[in-house]
4 protein chains.
Amino acid sequence: MIVVINNKNSNTKQLDNLKSWIKGLGLDIDVSEGTTHTVLGLIGDTSKVDIDLLRSLDIVDSVKRIQEPYKKANRKFHPEDTIINVNGYNIGGNNFTMIAGPCSIESEHQIVSIAKELQSFGTHFLRGGAFKPRTSPYAFQGLREGGLTLLLKAKEATGMGIVTEIMSAEHIDLMKDVDILQVGARNMQNFELLKALGRTNKPILLKRGLCATINEWLMSAEYIMAEGNNQVILCERGIRTFETYTRNTLDLSAIPIVKELTHLPVIVDPSHASGLSRLVRPMSLAAAGAGSDGLMIEVHNDPCNALCDGAQALLPGQYNNINKEIDIMLPMLNKVRN
Amino acid sequence: MIVVINNKNSNTKQLDNLKSWIKGLGLDIDVSEGTTHTVLGLIGDTSKVDIDLLRSLDIVDSVKRIQEPYKKANRKFHPEDTIINVNGYNIGGNNFTMIAGPCSIESEHQIVSIAKELQSFGTHFLRGGAFKPRTSPYAFQGLREGGLTLLLKAKEATGMGIVTEIMSAEHIDLMKDVDILQVGARNMQNFELLKALGRTNKPILLKRGLCATINEWLMSAEYIMAEGNNQVILCERGIRTFETYTRNTLDLSAIPIVKELTHLPVIVDPSHASGLSRLVRPMSLAAAGAGSDGLMIEVHNDPCNALCDGAQALLPGQYNNINKEIDIMLPMLNKVRN
Amino acid sequence: MIVVINNKNSNTKQLDNLKSWIKGLGLDIDVSEGTTHTVLGLIGDTSKVDIDLLRSLDIVDSVKRIQEPYKKANRKFHPEDTIINVNGYNIGGNNFTMIAGPCSIESEHQIVSIAKELQSFGTHFLRGGAFKPRTSPYAFQGLREGGLTLLLKAKEATGMGIVTEIMSAEHIDLMKDVDILQVGARNMQNFELLKALGRTNKPILLKRGLCATINEWLMSAEYIMAEGNNQVILCERGIRTFETYTRNTLDLSAIPIVKELTHLPVIVDPSHASGLSRLVRPMSLAAAGAGSDGLMIEVHNDPCNALCDGAQALLPGQYNNINKEIDIMLPMLNKVRN
Amino acid sequence: MIVVINNKNSNTKQLDNLKSWIKGLGLDIDVSEGTTHTVLGLIGDTSKVDIDLLRSLDIVDSVKRIQEPYKKANRKFHPEDTIINVNGYNIGGNNFTMIAGPCSIESEHQIVSIAKELQSFGTHFLRGGAFKPRTSPYAFQGLREGGLTLLLKAKEATGMGIVTEIMSAEHIDLMKDVDILQVGARNMQNFELLKALGRTNKPILLKRGLCATINEWLMSAEYIMAEGNNQVILCERGIRTFETYTRNTLDLSAIPIVKELTHLPVIVDPSHASGLSRLVRPMSLAAAGAGSDGLMIEVHNDPCNALCDGAQALLPGQYNNINKEIDIMLPMLNKVRN
């Protein structure tokens with residue numbers, strides 16, 4: 001960590017106080033004095049340094065981290081890709097993983113029939129929303145416990161791995177048979193939930209918050225890992241920008257960057273970012289091209305509810321076409337669909 | 001709510017399906033057919049309509065709300081300012097409320113002595129962090145239960161109302177003697193926490209999320225109110241933008257807008273937005289000018305820890321000067337410091 | 001266009017004044033009165049309506065466009081893809097166009113040798129910066145007129161189409177032998193320049209502004225087209241967001257959306273968005289997957305300047321590998337590299 | 001400037017090449033080698049260093065400026081406030097300057113009568129739009145040359161200083177009798193225009209671009225100053241964020257920061273940021289509280305055009321009330337309305 005001191009704003013006493021405080025954190029200091037600025041190089045484990053406090057000091061012009069503040073998630077200390085085996089299938093490494101299913105679980109028939117159809121396309125992971133985070137308290141909040149029961153029936157019927165969102169640490173026991181617990185964008189910095197999930201042995205699919213920097217996203221992964229659970233799958237799902245044509249802006253440049261910074265698998269959810277089903281195909285191909293380790297796609301199969309045709313979810317046939325196109329791309333990306 | 005249908009993308013069957021679905025929600029429809037577009041006016045209680053689902057339909061060009069989706073927080077249905085009496089002092093209406101105190105509670109001496117000094121300036125509310133949300137799992141997380149105990153000692157010693165952050169519904173009982181429970185920016189859409197707080201009878205200070213629109217912020221207030229707790233105080237604390245000189249961008253235009261949209265009190269936290277103590281004074285005066293109902297300011301009084309001079313927190317004397325300047329402005333703003 | 005009037009804030013006289021003003025613009029009005037709101041549907045050519053003025057009226061709650069404000073750029077009125085023939089090669093339609101070359105033109109040898117190498121890879125368009133927009137007045141501003149002369153020598157030597165940036169209408173004559181004139185992101189709303197370019201017969205490559213909405217970008221294309229020049233090629237190059245790991249965030253979701261809204265060709269510049277050469281390959285594949293009509297990539301071939309290895313620009317061999325990978329993708333995208 | 005080298009990605013030859021290149025720019029280097037990173041401190045005039053090029057090198061982890069890249073605009077080298085005397089009145093220092101007038105110049109009667117009324121309130125500067133930058137080519141573009149003539153008649157009639165927007169260097173001669181030339185937000189990085197204005201002897205009012213960082217804004221001031229014209233007045237007018245209730249988000253924290261970084265006067269335009277006249281008063285008071293050196297406010301006085309009541313512009317009486325409230329605040333801000 002580099003701390004730049006403004007000589008004009010500081011006196012010897014203040015600088016000495018700062019140095020003592022830094023040494024008190026167990027760090028060494030390399031001092032390089034200039035005419036207008038003095039640069040302190042902090043040597044040692046700087047992950048405990050409160051960078052905001054340093055930045056807020058009047059004598060400090062700016063602070064720059066050299067080492068990333070995350071350790072367990074950091075590729076520097078763990079160069080090999082993390083591969084997470086879930087239900088017999090590998091996620092990460094050279095595997096390309098498809099996760100598909102409906103936004104909300106509605107009925108046993110709905111979830112079981114769509115699971116079977118997805119499985120026939122070679123998809124091994126089924127997603128379905130039981131507990132739904134909604135902006136409005138008056139909107140449908142999912143079938144909750146009832147939805148979970150139905151999702152488990154689809155698991156029983158197909159053997160697929162199941163993925164569902166958890167919104168509170170109090171639901172961990174309830175979800176003991178779920179294969180992958182999803183943390184939604186709005187809870188990415190619900191630190192009490194992250195800590196509790198870090199004490200489970202479940203793979204966690206951690207969505208990026210709407211305005212989370214890459215660094216904050218990885219720090220949230222670190223929260224889970226710091227408690228002992230290394231099975232974190234990152235999921236890019238769009239960030240909030242000034243552009244309003246799409247619900248959010250899918251940040252695909254984040255994929256190659258995050259793959260450099262961490263050894264954890266990174267997948268993309270192209271359905272939620274745009275909110276438009278006709279963007280799912282192009283953004284799925286784009287995500288694969290950007291180096292994603294997989295996709296999470298909304299698929300529904302309810303022919304009675306014509307309302308939903310063309311909504312955020314794809315029909316099974318449209319989904320299967322994306323699978324085939326991804327298969328054309330995977331060899332040049334050195335990946336295999338598992 | 002107005003739904004604009006693209007005639008080219010839609011056929012009669014799809015449009016009929018959509019109309020049936022809308023009527024199934026208990027709404028009436030006013031149809032106005034144009035050559036290229038058909039406009040549906042939805043009449044009735046549209047707060048349950050899933051606007052994202054509507055928007056995602058291929059036949060729908062766009063959707064526009066006319067009525068705000070919040071009801072209990074809406075000034076249209078509650079034109080009078082909500083005034084919340086806490087510990088004998090009113091917040092909201094023509095009152096200007098100061099809340100002050102240290103970022104973190106460190107010791108009994110620290111919190112009691114600063115409380116007494118603040119009280120001597122006419123401040124009736126003491127803030128102090130016991131449970132601290134931190135980006136890094138390795139950073140100091142606050143004294144937690146121990147910090148709360150110390151804060152309650154300061155309450156006992158001064159009779160001041162106390163304000164502290166709650167990060168999990170599991171801590172509600174623990175905080176039964178706290179006067180105002182604060183929901184931090186990162187938990188603004190932790191809906192399970194909001195619902196639980198809605199079932200308490202405590203005033204809730206709801207900070208705006210870093211990338212929350214004004215509408216989402218009010219919907220989070222509505223989550224609390226929908227459960228029966230109408231004592232919500234909104235707090236603007238900066239939004240995330242591309243500008244990096246300040247930690248966040250204080251959105252003061254939000255103040256007059258939110259005052260129009262809702263009857264709830266709205267205060268400003270100028271300390272956290274900028275992260276720089278020398279910006280606290282100008283942004284406090286600016287917040288008062290913009291029409292804020294109060295301020296929440298970090299103040300520390302630890303003369304031993306010279307490191308912190310000039311950090312995010314003000315010294316008591318600096319804080320008191322702001323009080324005096326605010327007092328000059330209040331008459332023209334038709335407010336009184338309470 | 002739909003104008004929502006707040007009945008509470010308006011009286012009959014104000015509403016009548018507004019209606020007269022609207023009719024004075026040659027528009028018809030469809031009025032639908034509700035209890036709390038009155039909705040005016042404006043029928044006719046609303047492209048001249050000042051939407052900001054309408055929005056700012058106290059009696060107006062909100063305004064919503066139904067018809068896009070651009071006409072000549074609008075796919076609704078021109079459903080077929082615009083194909084622009086430049087120097088014998090087609091851009092747009094089912095063609096995938098590669099534009100490559102160095103950021104700055106440095107010497108005749110540099111630009112001619114790289115042009116020949118790019119041509120040997122089947123690339124028909126050469127880019128090179130002569131006039132360089134720089135944030136700092138003290139930074140190298142390009143060779144200007146001298147750079148242009150060198151670029152034209154490379155055209156002479158290879159017959160390639162050349163693309164270079166124009167920063168002022170005063171340079172139009174100087175650039176009479178350039179094949180495609182590029183408008184940079186910072187000049188996207190330099191309306192006097194756009195109008196002047198609209199009076200030329202040159203194809204214009206219009207980069208998206210750093211904080212331009214899709215709508216504003218298309219309106220800038222419309223500025224050029226309104227003057228009679230329909231040869232506009234759009235170029236996505238990243239938008240400014242809160243994320244700072246990359247210089248800008250490449251907004252690839254914009255590609256399928258813009259292809260829906262307009263008939264103009266849309267290409268992607270993956271080099272400038274990230275500012276990192278190692279992101280060019282993944283973002284090029286991603287752009288192709290998203291449906292881009294081509295790519296503009298920085299390539300340099302100066303083996304003496306080892307400094308630049310690994311900078312924003314690719315080496316020719318790295319560039320050629322991307323060409324080969326794009327070729328694998330094009331059949332499934334129904335495109336051919338031209 | 002500090003350049004952090006990643007030891008793992010670099011070899012001796014690359015590092016030597018980089019050092020030679022830096023020395024070739026006339027800079028000295030202070031090297032501090034760590035186990036994982038090597039830190040280069042660049043000593044000397046770093047304003048010519050291409051920071052983007054440095055950042056894009058594979059061996060470079062990150063780059064941090066210590067000295068700001070602007071010199072003439074920098075308060076470090078010019079600690080005293082710049083005071084610009086225009087038409088006998090001082091702008092900057094302890095002066096608080098009001099600039100007011102209509103958005104568009106419509107007629108001689110309109111502009112002369114409003115000028116007289118503003119003058120009667122003690123306002124010495126009249127703004128009026130002759131050349132109007134509009135998002136749409138079909139919208140009213142101002143009366144252009146004709147509007148300018150009318151504005152000069154108002155100057156003749158009142159002796160007020162006049163302020164109007166310039167959109168192209170070709171109009172400099174035309175505007176030789178204008179007192180302050182305004183550069184609009186969209187032209188903030190129209191570098192050819194900035195350079196041309198730097199060669200005039202006119203005060204320039206430089207609006208902040210919609211997505212300009214504070215640093216970029218000051219670099220644009222530097223473009224003007226580098227050509228010899230030091231009379232630059234900065235004007236904050238809102239930045240683009242995700243929030244859509246207001247047209248833009250007025251960034252008032254920028255005021256105290258910019259006052260620290262530069263000696264130039266900084267004023268605020270509260271009318272354009274929000275686009276709503278009822279926000280002008282609170283945001284004017286807020287701007288004064290934040291330490292602004294003045295305000296630029298839209299005022300219209302056309303009783304015939306009832307349409308505009310309540311639009312972005314204030315009526316003269318509303319404007320005068322703001323003047324009176326500002327007067328209450330100025331003593332505590334150590335400022336006088338001039």
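The following refers to the structure shown. Throughout, residues of each chain are indexed from 1 in the direction in which the sequence is written. Labels follow written order: the first chain is A, the first ligand is 1, and so on. A pLDDT threshold of at least 70 governs which residues receive local features in this predicted model, and a stricter bar of 80 or more applies before side-chain atom pairs are shown or counted, although totals over entire chains, interfaces and linings include all residues. Water and hydrogen atoms were dropped before computing side-chain values, which therefore reflect all heavy atoms in the structure.

Structural notes on the overall build of chain A
Moving on, step 1. The helix and strand tally for chain A stands at ten helices and 15 strands.
Moving on, step 2. For chain A, the spread of C-alpha atoms along the principal axes amounts to about 75 × 45 × 40 Å.
Moving on, step 3. The buried share among the 338 residues of chain A stands at 67%.
Moving on, step 4. The long-range fraction of contacts in chain A, counting pairs at least 24 apart against all pairs at least 6 apart in sequence, stands at 68%. Comment: elements are numbered from the N terminus, with helices defined as DSSP H or I runs of at least four residues and strands as E runs of at least two. Working definition: with a 1.4 Å probe on protein chains only, accessible area under 20% of the residue-type maximum means buried, over 50% means exposed, and in between means partly exposed. Here, two residues are considered to be in contact whenever any of their heavy atoms come within 4.5 Å of each other.

Points about the relation of the copies chain B and chain A
Two copies of one chain are present, and they are related through a rotation about an axis combined with an axial shift.
Moving on, step 1. Alignment of copies: least-squares fit on C-alpha atoms of residues with pLDDT of at least 70 in both copies. Superposing chain B onto chain A takes a rotation of 180° combined with a translation of 0.0 Å along the rotation axis, leaving an RMSD of 0.0 Å. In the structure described here, the two chain copies are related by an operation that fits a two-fold rotation axis. When each C-alpha of chain B is compared by its distance to the rotation axis, Cys 211 of chain B comes out closest, at 3.0 Å.
Moving on, step 2. An overlap of 100% is found between the interface residues of chain B and their copies at the interface of chain A, pointing to a shared contact surface.

Section: the relation of the copies chain B and chain C
Moving on, step 1. Here chain B sits on chain C after a turn of 180° about the axis and a move of 0.0 Å along it, with an RMSD of 0.0 Å.
Moving on, step 2. Both copies present the same face, since 100% of the interface residues in chain B are matched by interface residues at the equivalent positions in chain C.

Let's talk about the sheet that holds strand E2 (residues 28–33) of chain B
All names here are of chain B.
Moving on, step 1. An order of E2-E3-E1-E4 is seen for the four strands of this open sheet, with the pairing classed as antiparallel. Two strands in the sheet have a free side with no partner beyond their single neighbour: E2 and strand E4 (60–64). Strand-to-strand twist across the sheet, computed as the mean angle between neighbouring axes with direction ignored, equals 20°.
Moving on, step 2. Pairing geometry for strand E1 (residues 2–6) and E4, over four bridges, is antiparallel. Residue pairing across strands places Val 3 opposite Val 63, the latter belonging to E4. Strand pairing is defined by DSSP finding a minimum of two bridges between the two strands. All axes here are fitted lines through C-alpha atoms, helices being fitted over the stretch that makes contact, and every angle between N-to-C directions spans 0 to 180 degrees.

Side note on the pairing of strand E14 (residues 294–298) of chain D
Here is the key point about a regular strand: its side chains alternate between the two faces of the sheet.
Residues and elements named next belong to chain D.
Moving on, step 1. Across the five residues that make up E14, a large majority, five, are buried.
Moving on, step 2. Burial along E14 is two-sided: the residues Gly 294, Met 296 and Glu 298 and Leu 295 and Ile 297 are all buried.
Moving on, step 3. Two elements, strand E7 (residues 95–101) and E14, share five bridges in a ladder whose sense is parallel. By the bridge assignment for E14, Met 98 is matched with Leu 295.

So, the nonpolar core
Moving on, step 1. Remark: nonpolar core denotes a set of buried residues (Ala, Val, Leu, Ile, Met, Phe, Trp, Tyr, Cys) joined through side-chain atoms within 4.5 Å. Judged by nonpolar contacts, the single largest core of 312 residues is most densely connected at Leu 252 of chain A, Leu 252 of chain B, Leu 252 of chain C together with Leu 252 of chain D.
Moving on, step 2. Those residues in contact with Leu 252 of chain B that lie beyond four places of it in its chain are Val 268, Met 283, Ala 286, Ala 287 and Ala 290 of chain B together with Leu 252 and Met 283 of chain D.
Moving on, step 3. Val 3, Ile 22, Leu 42 and Leu 57 of chain D belong to the second-largest nonpolar core, a separate cluster that totals 18 residues.

Some remarks on the pairing of strand E1 (residues 2–6) of chain A
Residue and element names in this part refer to chain A.
Moving on, step 1. Among the five residues in E1, five count as buried, and that is most of the element.
Moving on, step 2. Alternating positions in E1 separate into two faces, Ile 2, Val 4 and Asn 6 on one and Val 3 and Ile 5 on the other, with burial throughout.
Moving on, step 3. Pairing between E1 and strand E3 (residues 37–43): five bridges, direction antiparallel. Bridge pairing in E3 places Val 3 opposite Leu 40.

What about the interface of chain B and chain C?
Moving on, step 1. Taken together, the contact between chain B and chain C spans 19 residues of the former and 19 residues of the latter.
Moving on, step 2. Summed over both sides, the interface between chain B and chain C buries roughly 1,400 Å², with carbon and sulfur atoms accounting for 67% of that surface.
Moving on, step 3. Here the buried area means the combined drop in accessible surface, using a 1.4 Å probe, for two parts upon being joined, counting both sides. The largest share of the area that chain B buries against chain C comes from Lys 64, Ile 66 and Phe 242 of chain B, three residues that together contribute 32% of it.
Moving on, step 4. A side-chain nitrogen of Lys or Arg and a carboxyl oxygen of Asp or Glu constitute a salt bridge if their distance falls within 4 Å. Between the two partners, chain B and chain C, sit zero salt bridges.
Moving on, step 5. Each polar contact in these results corresponds to two N or O atoms within 3.5 Å; when the atoms are within protein, one needs to be able to donate a hydrogen and the other to accept it, and residues that are neighboring in sequence are counted only if both atoms are side-chain atoms. For the pair chain B and chain C, the interface holds two residue pairs in polar contact (both at pLDDT 80 or more).
Moving on, step 6. Secondary-structure elements contributing two or more residues to the side of chain B that touches chain C are E1, E2, strand E3 (37–43) and E4 of chain B.
Moving on, step 7. Per-element accounting of the side of chain B that touches chain C gives the leading share, four residues, to E4 of chain B.
Moving on, step 8. Gly counts as polar in this scheme, as do all residues outside two lists: the nonpolar Ala, Val, Leu, Ile, Met, Phe, Trp, Tyr, Cys and Pro, and the charged Asp, Glu, Lys and Arg. Here the side of chain B that touches chain C is composed, by residue class, of six nonpolar, eight polar and five charged.

Focus: the side chain of Gln 182 of chain B
Moving on, step 1. Residue position: Gln 182 of chain B is located in strand E10 (residues 180–183).
Moving on, step 2. Ignoring sequence-local partners within four residues, the contact set of Gln 182 of chain B consists of Val 163, Thr 164, Glu 165, Ile 166, Leu 205, Lys 207 and Met 296 of chain B.

Focus: the interface of chain B and chain A
Moving on, step 1. Contact residues are listed per partner, giving 58 residues for chain B and 58 residues for chain A.
Moving on, step 2. For the pair chain B and chain A, the summed buried surface comes to about 4,900 Å²; carbon and sulfur atoms form 55% of the total.
Moving on, step 3. One can count ten salt bridges joining chain B with chain A.
Moving on, step 4. For Arg 278 of chain B, the salt bridge identified is with Asp 58 of chain A, shortest N-O distance 3.3 Å.
Moving on, step 5. Viewed at the interface, chain A and chain B are joined by 24 residue pairs in polar contact (both at pLDDT 80 or more).

A few points about the packing of helix H9 (residues 280–290) of chain A against helix H9 (residues 280–290) of chain C
Relative orientation and spacing of two packed helices are given, respectively, by the angle between their axes and the distance between those axes.
Moving on, step 1. At a minimum axis separation of 7 Å, H9 of chain A and H9 of chain C run at an interaxial angle of 165°. Classified by the angle their axes make, H9 of chain A and H9 of chain C are roughly antiparallel. By crossing handedness, the relation of H9 of chain A to H9 of chain C is classed as right-handed. Taking contact as the criterion, the partners of Pro 282, Met 283, Leu 285, Ala 286, Gly 289 and Ala 290 of chain A in H9 of chain A are, on H9 of chain C, Pro 282, Met 283, Leu 285, Ala 286, Gly 289 and Ala 290 of chain C.
Moving on, step 2. By residue class, the composition of the contact of H9 of chain A with H9 of chain C is ten nonpolar, two polar and no charged. The labels follow the angle: roughly parallel below 35 degrees, roughly antiparallel above 145, roughly perpendicular from 65 to 115, and oblique for the rest. Note on convention: near helix rotated counterclockwise from far helix by under a right angle means a left-handed crossing. Clockwise means right-handed.

Structural notes on the packing of aromatic side chains
Moving on, step 1. Side-chain rings of Phe, Tyr and Trp (the six-membered ring for Trp) are treated as a pair once their centres are within 6.5 Å; stacked means planes under 30 degrees apart, edge-to-face means over 60, and tilted covers the remaining angles. Inspection of every chain in the model, using the stated rule, returns twelve aromatic pairs over all chains.
Moving on, step 2. With 6.1 Å between their ring centres and 50° between their planes, Phe 121 of chain B and Tyr 319 of chain B make a pair best called tilted. Of the two residues, Phe 121 of chain B sits in the loop between helix H3 (108–120) and strand E8 (125–127) while Tyr 319 of chain B sits in helix H10 (residues 316–329), which places them 198 residues apart along the sequence. Each member of the pair, Phe 121 of chain B as well as Tyr 319 of chain B, carries the same accessibility label: buried.
Moving on, step 3. Lying across the ring of Tyr 138 of chain A, Lys 71 of chain B places its NZ or CZ 4.5 Å from the centre. Note on geometry: a ring has a charge over it if NZ (lysine) or CZ (arginine) is within 6 Å of the ring centre and within 35 degrees of the ring normal.

Regarding the state of the cysteines
Moving on, step 1. The definition used for a disulfide is geometric: two cysteine sulfur atoms within 2.5 Å. Summed over the entire model, instances satisfying the criterion amount to zero disulfides over all chains.
Moving on, step 2. Distance from the sulfur of Cys 211 of chain B, which forms no disulfide, to the nearest cysteine sulfur (Cys 211 of chain A) is 3.1 Å.

A few points about the sheet that holds strand E3 (residues 37–43) of chain D
Residue and element names in this part refer to chain D.
Moving on, step 1. Sheet architecture is open: four strands sit in the order E2-E3-E1-E4, paired in antiparallel fashion. The two strands at the open ends of the sheet, each matched to only one other strand, are strand E2 (28–33) and strand E4 (60–64). Neighbour-to-neighbour, the strand axes of the sheet open up by a mean angle of 20°, direction not taken into account.
Moving on, step 2. Relative to E3, E2 is paired through six bridges, and the arrangement is antiparallel. In the strand pairing of E3, Asp 30 is matched with Gly 41.

Thoughts on the environment of Glu 260 of chain B
Moving on, step 1. Structurally, the position occupied by Glu 260 of chain B is in helix H7 (residues 254–261).
Moving on, step 2. Note on Glu 260 of chain B: relative accessible area 35%, which makes it partly exposed.
Moving on, step 3. For the pair Glu 260 of chain B and Lys 76 of chain B, spaced 184 residues apart in sequence, the C-alpha separation works out to 9.1 Å.
Moving on, step 4. Ignoring anything within four residues of it in the chain, the contact list for Glu 260 of chain B reads Arg 75 of chain B together with Arg 278 and Leu 279 of chain D.

Thoughts on unusual backbone geometry
For residues that are not glycine, phi is negative in most cases, and the peptide bond is trans in most cases.
Moving on, step 1. Located in the positive-phi region is Arg 144 of chain A, a residue other than glycine, with phi close to 55°.
Moving on, step 2. A positive phi angle, near 60°, is found at Asn 87 of chain B, a position not held by glycine.
Moving on, step 3. Examined against the element boundaries, Asn 87 of chain B turns out to sit in the loop between strand E5 (84–86) and strand E6 (89–91).

Concerning the pattern of salt bridges
Moving on, step 1. For the structure on display, the rule yields 86 salt bridges over all chains.
Moving on, step 2. Two residues, Lys 76 of chain A and Glu 68 of chain A, come together in a salt bridge whose shortest N-O distance is 3.1 Å.
Moving on, step 3. Between Arg 144 of chain A and Glu 192 of chain B there is a salt bridge, and its shortest N-O distance comes to 3.2 Å. Of the two residues, Arg 144 of chain A sits in the loop between strand E8 (125–127) and helix H4 (145–158) while Glu 192 of chain B sits in helix H5 (residues 191–198), which places them in two different chains.
Moving on, step 4. The class of Glu 192 of chain B is buried, set by a relative accessible area of 15%.
Moving on, step 5. A single salt-bridge network, built from bridges that share partners, covers Arg 208, Glu 236 and Asp 251 of chain A together with Glu 243 of chain C.

Brief notes about the side chain of Ser 62 of chain B
Moving on, step 1. Inspection of the secondary structure puts Ser 62 of chain B in strand E4.
Moving on, step 2. Classification of Ser 62 of chain B by relative accessible area gives buried; the value is 14%.
Moving on, step 3. Apart from the residues lying within four places of it in its own chain, the contact partners of Ser 62 of chain B are Ile 2, Val 3 and Val 4 of chain B together with Lys 64 of chain C.

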